[in-house]
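# Fold and geometry: a report
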Amino acid sequence: MKNFPDWLNHSIDAMFAIDGNQRVTYWNRACEDLTGVSAVEARGGTCHEILQGHDPSGHPFCKANC
């Protein structure tokens, strides 16, 4: 992605970006390693569909328009 410096791809920290419609626009290699979801799969998807976050009790906290 041209808007982000190449060094972000080499960070050990997982980093991603979303747009105003909650669509993933950037997903670095550390995100791939952490989630098992490739950047190709993540880009364009909504963050709640990709991350599917849950609280410690197992209840989902990621949802549309969260």
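Residues numbered from 1 in each chain as written. Predicted model: local features only at pLDDT ≥ 70, side-chain atom pairs only at ≥ 80, totals over all residues. Heavy atoms only, no water.

## Some details on the overall build of the protein
Each helix and strand in the protein was counted, giving 3 helices and 2 strands. Going from N to C terminus, the protein has its helices and strands arranged as β-β-α-α-α. In terms of overall dimensions, the protein has a C-alpha envelope of 35 × 25 × 15 Å along the principal axes. Residues counted as buried form 29% of the 66 residues belonging to the protein. Of all intrachain contacts in the protein linking residues separated by at least 6 positions in sequence, the fraction that spans at least 24 positions is 15%. Summing over all exposed atoms, the protein offers an accessible surface of approximately 4,700 Å²; the carbon and sulfur share of this is 53%. Side chains of the protein carry 5 positive and 8 negative charges; the gap between the two charge centres is 7 Å. (Helix = DSSP H or I, 4+ residues; strand = E, 2+ residues; numbered from the N terminus. Buried < 20%, exposed > 50% of the residue type's maximum accessible area, 1.4 Å probe, protein only. Contact = heavy atoms within 4.5 Å. Areas by Shrake-Rupley, 256 points an atom, 1.4 Å probe, with all protein chains shown as cover. Lys, Arg positive; Asp, Glu negative; His and termini not counted. Charge placed at Lys NZ, Arg CZ, Asp CG, Glu CD.)

## What about the confidence of the model for the protein?
Low pLDDT means the predicted coordinates in that region are not meant to be read closely. Within the protein, residue pLDDT values average 88, and 92% of them lie at 70 or more. When the elements of the protein are averaged for pLDDT, helix H3 (residues 47–51) gives the smallest value, 92, and helix H2 (residues 39–42) the largest, 96. (pLDDT = per-residue confidence, 0-100.)

## Quick word on the pairing of strand S2 (residues 24–27)
Relative to S2, strand S1 (residues 16–18) runs antiparallel, the two sharing 3 bridges. Bridge pairing in S2 links Ala 17 to Tyr 26. (Pairing = 2+ DSSP bridges.)

## Here we look at the nonpolar core
Among the nonpolar cores identified, the biggest contains 7 residues, and these are Val 24, Trp 27, Cys 31, Val 37, Ala 39, Ala 42 and Ile 50. Only S2 and H2 provide two or more residues apiece to this core. When neighbours within four sequence positions are excluded, Val 37 is seen to be in contact with Trp 27, Cys 31, Glu 32, Ala 42 and Ile 50. (Core = buried A, V, L, I, M, F, W, Y, C linked by side-chain atoms within 4.5 Å.)

## A short note on the side chain of Ser 11
Position of Ser 11 relative to the elements: it lies in the segment before S1. At a separation of 2.9 Å, a polar atom in the side chain of Ser 11 contacts the main-chain amide nitrogen of Asp 13. Setting aside its immediate chain neighbours within four residues, Ser 11 contacts Asn 28 and Ala 30. (Polar contact = N/O pair within 3.5 Å; in protein donor to acceptor, adjacent residues only side chain to side chain.)

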